[in-house]
Amino acid sequence: MKKVKEYLNRDISMVILFVFFLAICLIMLVSFGTSMFNGQTLSSMAFQLSEVAVLAFGMALCMLLGGIDLSIVATANLSSLLAAMILTGKFFDVEKAGQAVTILLAVAVALAVGVLCGLLNGFIISRFSVSPIVATLSTMTLYSGLAMGLTGGNSIGGYPSAFLKFGSGSLGHVPFVFIAAVAVFIVLILALDRTKLGHEIHYIGENHTASRFTGIDNEAVIMKVYAISGLMAGIASLMIMARSNSARCGYGDTYQLQVIMISVLGGISPSGGKGRLYGVFIATFCMQLMQTAFTLWQFSPYSKKLIWGMMLLVIMLINMIQARISKNAKIREMNAKRLQNTK
């Protein structure tokens, strides 16, 4: 019983998440029956949640560090537009270069642009001590402006069929994009749990000042984390392009609120240092189930935004109460030990 109590105090966010997930599944089952939980519907949801999951991973890493990346969707848009220009022959003759070379170059450009945008975020935050909110809000405007200037707000479509197979193809009922998202998830989980960088991210998130006295180069870690966040945006941009066969400025703007909410719902503390990435993956499934239900119930986009905003406020309130309860429990435990030592 004592061990159960200790687990609940330590990982109450995971308990809340699992209860929330089971409640959503029950509501969906009662409302739609087996039509919601069949191979075709689940496969369709897997196509849609993959890009959101990858963006949420990037956001979660920044939040673990005690920061945030408000430019992640704008980065994905800019990456996708530059990759789309290559795929559609805006810079060179695609037929002469060959389809394989063109696709590889487009993928490389999307990932490189994502990393460079992330590095710029990290540089501004680490070198000039700018607040992550202010820094990434500024770069979000910059990246969106660049994307708008490149295209004039027009969409770019018509990609090679081999590239589109990545977004529409599947292995059985499992989409290729979902397999890619799981692969990214596994790599990040291993990196956070088994590498020096993963431990440094948690240390800095827990106490930015104290981490310096342990020999951690805070600035270098911040640069790396935001570069990884940019890389996640680049990967997500390729998923979005391949699934929708188009790219345009402003695509996926609603993802911004969703990925923040997914990270918080998944147990990532907005103040940093606390949370697990597997919670973010489970939270992505929860959000996709809700998104599918909203579509079936024919909710308007404004109603969806209202619900997302209210949910984020409730989740933040629950996390705040939980943090206060945990803090009070630690204080009581410390006081009890002091009393025992004085006797």
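Check the entry above for the structure.
Residues numbered from 1 in each chain as written. Predicted model: local features only at pLDDT ≥ 70, side-chain atom pairs only at ≥ 80, totals over all residues. Heavy atoms only, no water.

Student: Tell me about the side chain of Ser-269, residues and numbers included.
Tutor: Mapped onto the elements of the fold, Ser-269 is located in the loop between α13 (255-265) and α14 (277-296). On the accessibility criterion, Ser-269 (16% relative accessible area) is buried. Of note is the side chain of Ser-269, whose polar atom sits 2.9 Å from the side chain of Ser-271. (Helix = DSSP H or I, 4+ residues; strand = E, 2+ residues; numbered from the N terminus. Buried < 20%, exposed > 50% of the residue type's maximum accessible area, 1.4 Å probe, protein only. Polar contact = N/O pair within 3.5 Å; in protein donor to acceptor, adjacent residues only side chain to side chain.)

Student: Run through the pattern of salt bridges, naming residues and quoting values.
Tutor: Evaluated as defined, the whole model comprises 4 salt bridges. One salt bridge connects Glu-51 with Arg-243, and the closest N-O pair in it is separated by 2.8 Å. You can see Glu-51 sitting in helix α3 (residues 39-64) and its partner Arg-243 sitting in helix α12 (residues 218-244), a full 192 residues away along the chain. Relative accessible area serves as the criterion here: at 1%, Glu-51 is assigned to the buried category. Of the residues examined, Arg-243 reaches a relative accessible area of 31% and is grouped as partly exposed. A salt bridge links Arg-276 to Asp-193; the shortest N-O distance between them is 3.3 Å. Taken together, the residues Arg-276 in the loop between α13 and α14 and Asp-193 in helix α9 (residues 176-194) connect sequence positions 83 residues apart. The class of Arg-276 is partly exposed, set by a relative accessible area of 44%. Judged by relative accessible area, Asp-193 falls into the partly exposed class, the value being 37%. (Salt bridge = Lys/Arg side-chain N within 4 Å of Asp/Glu carboxyl O.)

Student: Provide a residue-level description of the packing of aromatic side chains, including the pertinent values.
Tutor: Scanning all chains against the criterion turns up 10 aromatic pairs. Considering the side-chain rings of Phe-123 and Phe-128, the 5.5 Å spacing of their centres and the 80° angle between planes classify their relative orientation as edge-to-face. Residue classification places Phe-123 among the partly exposed residues on the basis of a relative accessible area of 36%. What links up through ring pairs into an aromatic cluster is the set Phe-57, Phe-178, Phe-185, Phe-281 and Phe-285. (Phe/Tyr/Trp six-rings, centres within 6.5 Å; stacked < 30°, edge-to-face > 60°.)

Student: How would you sum up the nonpolar core? Please name residues and give values.
Tutor: Across soluble globular proteins, nonpolar side chains have a tendency to be buried as a group. The biggest cluster of nonpolar side chains holds 75 residues, and the ones touching the most others in it are Leu-55, Phe-57, Leu-65, Leu-277 and Val-280. Residue contacts for Leu-65: discarding those within four places in its chain leaves Ile-201, Ile-204, Gly-205, Val-221, Ile-222, Val-225 and Tyr-226. (Core = buried A, V, L, I, M, F, W, Y, C linked by side-chain atoms within 4.5 Å. Contact = heavy atoms within 4.5 Å.)

Student: Outline the environment of Ser-244, listing residues and values.
Tutor: Take Ser-244: it is sitting in helix α12. Separated by 141 residues in the primary sequence, Ser-244 and Ile-103 have C-alpha atoms spaced 16 Å apart. Here Ile-240 takes part through its backbone oxygen, which lies 2.7 Å from a polar atom of the side chain of Ser-244. Among the polar contacts made by the side chain of Ser-244, one reaches the main-chain carbonyl oxygen of Ser-246 at a distance of 3.1 Å.

Student: Summarise the packing of helix α4 (residues 72-87) against α12; cite the residues concerned and give the values.
Tutor: Put simply, α4 and α12 touch, their axes get as near as 8 Å, and they point 55° apart. On the basis of the axis angle, α4 is oblique to α12. Between α4 and α12 lies a crossing of right-handed hand. Residues Ile-72, Thr-75, Ala-76, Ser-79, Ser-80, Ala-83, Ala-84 and Leu-87 of α4 lie in contact with α12, whose contacting residues are Ser-229, Gly-230, Ala-233, Gly-234, Ser-237 and Met-241. (Axes fitted to C-alpha atoms, helices over the stretch in contact; angles between N-to-C directions. Parallel < 35°, antiparallel > 145°, perpendicular 65-115°, else oblique. Left-handed = near helix turned anticlockwise from the far one by under 90°.)

Student: Describe α3, with residues and values.
Tutor: Of all the bends in α3, the largest measures some 35° and sits at Leu-49. By the criterion of burial, α3 is predominantly enclosed, with 21 of the 26 residues buried. (Bend = angle between axes of the 7 residues up to and from the residue.)

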